[in-house]
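Here is what each chain is made of, one letter per residue.
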Amino acid sequence: MTSSENNSHLEGPAPTSVKSCPDGQAANPRGQRLRARAKERIDLETKSELAALTARSDYHLSLDYFVNLMSLDLSPGAMKERLGRQLVALMCLQIPLEFFLALDLQPLRLYGGSLSAAKSAPPGLPALMCPILRSLMGEIIKEPSLGELDWIIPTTCDWVSGFESLRNLCFEASGTVRMVELPRRKEHALASEHWLSEVSGLWEYLKKISKVRAGRKELLAALATMEKARSALGRLSDLRRKGQVPALYFFLVTFSFFFDSVPAWTKAVNELADHFRTQKAAPGPGLFLTGSPILFPNFKLLHLFDELGLTIVGDDMCSGERLLFRHLALKDTSEDGILRALAETTHEGCLCPVYVENKRRLGPILEALRAANFKGVAFHLLKGCHPYEMDCLSLERDLLENQLRLVRLETDYAPEDRLNLMTRLEAFRSTL
Ligand code: SF4
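Below is a summary of the structure that appears in this document. Values in this document were obtained by computation on a predicted structure and should not be read as measured data.

This paragraph deals with the pattern of salt bridges. In this structure the tally under the stated criterion is 26 salt bridges. Taking the shortest distance from any N to any O, the salt bridge between Arg56 and Asp58 comes out at 2.8 Å. Classification of Arg56 by relative accessible area gives buried; the value is 16%. Take Asp58: its relative accessible area is 27%, and that puts it in the partly exposed class. Shared partners join several salt bridges into a network, and the residues in it are Arg240, Arg241, Asp315 and Glu321.

Below, the structure written as structure tokens:
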């Protein structure tokens, strides 16, 4: 238990304010000005990406739901009012999302995809910090009330595991932080039991902060709702294998998952799949996309693929297809049995390369190969992302053994390397 876990939400949080930062940002007129500037820049970036998407010739009104959702005020206060439920902040995806549904909580995944937010982050942070977390720091400048939420942080990579202490250097946060410890040696005899105890402990914690009494019945209902969401995303993924769904739209869909109720999102995804079912496949060579997550609104790389006529036929990113993990195999429908099944699925299904042995990262790519036609894999590597940097080397070797080529695209959120990336991709395309 971290010290902040003792900072009980149930005792009533004090308002969050921006703490003194290395350059003196505070809840004072200067801090207010920084916040207003961050908000203006971030909102402008969001609007401009949405405008680029809606201006495309293949844009269809079945995408309106996702564009409108991302245009809303997504601050915690506004979301709580719109959805009528308590928000809980979440980093990474190892946690069973069914828990939130069963307890009528709204999970809010906190990863940041905005360059403007990254630029608004407090000064003095490590130079090669993961861009996603730097961007998240800027989002907290824009919206300090994020710190009032209760946070769940699985100990995935070092940046995520250490994020709480970095955050607390710059901000006063009044919500609790629940660390969930990932067993990094997945194949160790005790790993799955350890993960089960973490998952069960989290279930108890969420029941406590939500003050909702829930058990088997609520979990089963949540499981059914999530299976429908999985099936809807599965339909869209299947169409993407055939080249019928542009990656730009696919990643907008997956990013929007955390900003509405699951049934509303599922309905919109099914309607979108109905539309794309009638569309022709893109003619360009297919690529499989892997590596560090790509997050809205920073779709720089997705636009480049599009401009070069490269079609993304699948991905294994936690911000893409991997959002909803795999279907749950439930044999025992008691509460304990459900917890065990959820723990097993999240433990075995997680493809994050933070584990000691990451050979399983090859599996979904070969599986996608059975349904889609591609010869190349694009590896998106965010500068500062060590787990994926190490993973890239072994994955390239494994792919070559399977006659698949890999192009490594190391980048950050800044637009300056666009031409470089384009040249690399053009050269790669000529080898396919
Ligand atoms: S795994 Fe990589 S992309 Fe994900 S949070 Fe860690 S450093 Fe960032």
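Anyway, onward from the coordinates.
On to the site of the ligand. Close to the ligand lie Tyr111, Cys130, Ile132, Cys157, Trp159, Val160, Pro293 and Cys385, which account for all nearby residues. For the shell around the ligand, the class distribution of residues is eight nonpolar, no polar and no charged.

So, on to the sheet that holds strand β3 (residues 105-109). Within the open sheet, the four strands sit side by side as β3-β2-β4-β6. Their pairing is parallel. Two strands close off the open sheet at either side, each with one partner strand: β3 and β6 (177-180). For this sheet, the mean angle separating the axes of adjacent strands, direction not counted, is 25 degrees. The pairing of strand β4 (residues 150-154) with β6 spans four bridges and is classified as parallel. In the strand pairing of β6, Trp151 is matched with Val177.

Sheets are built from strands that pair by backbone hydrogen bonding, the pairs being arranged parallel or antiparallel. Strand order in the open sheet formed by four strands is β8-β7-β9-β10, with parallel pairing between adjacent strands. The sheet terminates laterally at β8 (311-315) and β10 (405-411), the two strands that pair on one side only. Sheet twist, expressed as the average angle between the axes of neighbouring strands with direction ignored, equals 30 degrees. In this sheet, β8 lies alongside strand β7 (residues 286-291) in parallel orientation, the contact comprising four bridges. Residue pairing for β8: Leu289 is matched across the bridge by Asp315.

Of all five residues that make up β4, five are buried, and the element is covered over most of its length. Alternating positions in β4 separate into two faces, Asp150, Ile152 and Pro154 on one and Trp151 and Ile153 on the other, with burial throughout.

This paragraph deals with the pairing of β7. Of all six residues in β7, six are buried, a share of seventy percent or more. Here β7 shows two buried faces, one formed by Gly286, Phe288 and Thr290 and the other by Leu287, Leu289 and Gly291. Chirality of the crossover, the property in question, places the unit of β7, helix α13 (residues 300-307) and β8 among those that are right-handed. As judged from the five bridges shared by β7 and strand β9 (residues 376-382), these two strands associate in the parallel manner. Note on β9: the bridge partner recorded for Leu287 is Gly376.

What follows deals with the packing of aromatic side chains. A full pass over the atoms with the stated rule returns 13 aromatic pairs. Between Phe99 and Trp203 the ring centres are 5.0 Å apart and the planes differ by 35 degrees, which places this aromatic pair in the tilted class. Of the two residues, Phe99 sits in helix α4 (residues 98-102) while Trp203 sits in helix α9 (residues 191-210), which places them 104 residues apart along the sequence. In this structure, Phe99 and Trp203 share a single accessibility class: buried. Aromatic side chains Phe257 and Phe258 sit 5.1 Å apart centroid to centroid with 90 degrees between the ring planes, which places their arrangement in the edge-to-face category. Neither residue differs from the other here; Phe257 and Phe258 are each classed as buried.

A few words on the environment of Leu342. Following the sequence through the fold, Leu342 ends up in helix α14 (residues 335-349). When the C-alpha positions of Leu342 and Ile95 are compared, they lie 8.8 Å apart, and in sequence the two are 247 residues distant.

Linking two cysteines covalently through their sulfur atoms gives a disulfide. What the rule picks out here adds up to zero disulfides. Free of any disulfide, Cys318 has its nearest neighbouring cysteine sulfur in Cys352, separated by 6.7 Å.

Glancing now at the nonpolar core. Membership of the largest hydrophobic core comes to 148 residues, with the highest contact counts inside it found for Leu133, Trp151, Ile152, Leu206, Trp265 and Phe305. Looking at which element gives the most residues to this core, the answer is helix α10 (residues 216-241), with nine residues. Aside from chain neighbours lying at most four places away, what touches Leu206 is Val88, Phe99, Phe100, Leu103, Leu105 and Ile152.

As for its position among the elements, Arg109 is in strand β3. At a separation of 3.1 Å, a polar atom in the side chain of Arg109 contacts the main-chain carbonyl oxygen of Cys318. Leave out the neighbours within four places in its chain, and Arg109 touches Leu90, Cys92, Leu93, Phe258, Cys318 and Ser319.

Considered for burial, the residues of helix α8 (residues 163-170) that qualify are Phe163, Glu164, Leu166, Arg167 and Cys170. Relative to the axis of α8, the buried residues are bounded by an arc of 165 degrees and lie together on one face.

Rules and cut-offs
- Residues numbered from 1 in each chain as written.
- Predicted model: local features only at pLDDT ≥ 70, side-chain atom pairs only at ≥ 80, totals over all residues.
- Heavy atoms only, no water.
- Salt bridge = Lys/Arg side-chain N within 4 Å of Asp/Glu carboxyl O.
- Buried < 20%, exposed > 50% of the residue type's maximum accessible area, 1.4 Å probe, protein only.
- Near = heavy atom within 4 Å.
- Nonpolar A, V, L, I, M, F, W, Y, C, P; charged D, E, K, R; others polar.
- Pairing = 2+ DSSP bridges.
- Helix = DSSP H or I, 4+ residues; strand = E, 2+ residues; numbered from the N terminus.
- Axes fitted to C-alpha atoms, helices over the stretch in contact; angles between N-to-C directions.
- Right-handed = clockwise from strand over helix to strand, strands pointing away.
- Phe/Tyr/Trp six-rings, centres within 6.5 Å; stacked < 30°, edge-to-face > 60°.
- Disulfide = S-S within 2.5 Å.
- Core = buried A, V, L, I, M, F, W, Y, C linked by side-chain atoms within 4.5 Å.
- Contact = heavy atoms within 4.5 Å.
- Polar contact = N/O pair within 3.5 Å; in protein donor to acceptor, adjacent residues only side chain to side chain.
- Arc of directions from axis to C-beta.

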